[in-house]
Amino acid sequence: MRVIDPPASPVVLKNGKSLIMLGSNNYLSLSTHPDVIKAAKGALDIYGTGTCSSRLLSGTTSLHVQLEKELSRFKETEDTLLYSTGYMTMAGTLSTLAGEGDVILSDQLNHASIIDGIRLSKAQAKIYEHSDMTSLEENLASCESDVNKLIVTDGVFSMKGDIANLPEIKRLADDYGALVMVDDAHGTGVLGQNGHGILEHFNMENQVDLVCCTFSKVFGSVGGAVGARKEIIDYLRFNSRPFLFTASSPPSVVATVLAALQVLERSPQLLRNLRQNVNFLRKNLEELRFKVTPTQTPIIPLLIGNDKKAFQMASQLEEEGVFVNPVVPPAVSAESSLIRISVMASLSQNNLERALEKFKLVGKRLDLI
Ligand SMILES: Cc1ncc(COP(=O)(O)O)c(C=O)c1O
């Protein structure tokens, strides 16, 4: 574990050394936005540091209720339920809605919170090849026709940054009578013209059964939410153990997310800055002849193809003043080892140019370009 203070700024400090941060999910840089910080401080003054209770006891404040309403509006869902982390959102939703005798069809590269939710649910898991719609269809076809089926997918895959083929998933779900759940952790605030996420990206608002998000990426905080029809959310509200049996999010956290949502909606320039930074970095890395996997998200994967080299690349970049995350087994197979660059709106042109110089230097040294 690398100790970094503070971790989500364009330039961070590690052991007194400054590093350009290309490894944070603070895509719109909202965790350091003055209005967001002010809202968090304001809530601390009024509410103190925590609710000291779960939601169904004394842990629901008007801020929690307001955030559920605001997210329902933003995500165009009938209702929304907050969880204390993104992990608990996926695990809690899946383990509550599915049970023995049901089938959950899950992309091979789905996030661990989904995998654990499936395990907890005791439903039968059918894992289809990553984003392979033939594999998904074969798995659907192998289910008994009258069994309850749920297809679950990351919207943006967290390690490789690619986007799920949601239109095709939905078409297959309709053909085979399955529900669809999408984990929009990395798409919320980032995809679609207004940053509403993967459903806006594909013009598929209201077309999936469950849409989840986390507050630990664009919203610059911690927590998560699931949006769905009212009857589904009501069921989760009274049956989902990771919702029921844990303390509710501190009001300062909820106020942070509410303020981040407001800033996101009134400042389209942030998303434009982010996209400009992503395009600039991607284009220049391609020109340097790195193997850049094509993505339309702020996650830029550089294929290294060897886990040892991926570690070397990350540690040499760090020596040169750039922070990136190596992605190695078990997150991906050894031959798919990669450097995961994640981009923030607040990185300056100077930050990006300096980082590119270092990529060139280390890439040549390691015979990658
Ligand atoms: C796709 C995906 N889903 C869920 C989570 C879990 O969210 P959190 O870290 O907010 O608990 C993450 C975070 O790494 C993620 O990338």
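Look a little higher up for the structure.
Figured I'd write up the structure that's included with this text. (Residues numbered from 1 in each chain as written. Predicted model: local features only at pLDDT ≥ 70, side-chain atom pairs only at ≥ 80, totals over all residues. Heavy atoms only, no water.)

What follows is about the nonpolar core. Residues Leu 22, Leu 285, Leu 302, Met 313, Ile 341 and Phe 359 are the most contacted members of the largest nonpolar core, which totals 90 residues. Sort the elements by how many residues they give to this core and helix H10 (residues 251–266) lands first, with 9 residues. The residues that make up this core include at least three from each of domain 1 (11–32 + 268–365) and domain 2 (34–265). Other than its neighbours up to four places away in sequence, Met 313 contacts Phe 290, Leu 302, Ile 304, Ile 339, Phe 359, Val 362, Leu 366 and Leu 368. Counting 22 residues, the second-largest nonpolar core is a separate cluster that includes Tyr 83, Ile 118, Leu 210 and Phe 243. (Core = buried A, V, L, I, M, F, W, Y, C linked by side-chain atoms within 4.5 Å. Buried < 20%, exposed > 50% of the residue type's maximum accessible area, 1.4 Å probe, protein only. Helix = DSSP H or I, 4+ residues; strand = E, 2+ residues; numbered from the N terminus. Domains from an automatic or database assignment. Contact = heavy atoms within 4.5 Å.)

Sheet architecture is open: 3 strands sit in the order E1-E2-E11, paired in mixed fashion. Whereas interior strands pair on both sides, the edge strands pair on one side only; in this sheet they are strand E1 (11–14) and strand E11 (322–323). (Pairing = 2+ DSSP bridges.)

Attention now goes to the site of the ligand. Near the ligand there are 13 residues, and of these Tyr 87, Asp 183, His 186, Ser 216 and Lys 217 occur at the shortest range. Contact distances for the ligand include 2.8 Å between an oxygen atom and a backbone N or O atom of Tyr 87. Contacts to the ligand include Lys 217, whose side-chain N or O atom sits 2.9 Å from an oxygen atom. Alone, the ligand offers 390 Å² of accessible surface; in the complex the protein occludes 82% of this. Partitioned by chemical class, the residues of the shell around the ligand number 2 nonpolar, 8 polar and 3 charged. (Near = heavy atom within 4 Å. Polar contact = N/O pair within 3.5 Å; in protein donor to acceptor, adjacent residues only side chain to side chain. Areas by Shrake-Rupley, 256 points an atom, 1.4 Å probe, with all protein chains shown as cover. Nonpolar A, V, L, I, M, F, W, Y, C, P; charged D, E, K, R; others polar.)

The element strand E9 (residues 224–228) is largely enclosed, with a buried count of 5 among its 5 residues. Judged by which residues are buried, E9 turns out to be covered on both faces: Gly 224, Val 226 and Ala 228 on one side and Ala 225 and Gly 227 on the other are all buried. The pairing of strand E3 (residues 79–83) with E9 spans 5 bridges and is classified as antiparallel. The residue of E9 that forms the bridge with Tyr 83 is Gly 224. Looking at chain direction, strand E8 (residues 210–214) and E9 are connected through 5 bridges and run antiparallel. Its bridge partner lying in E9, Cys 212 is registered against Val 226.

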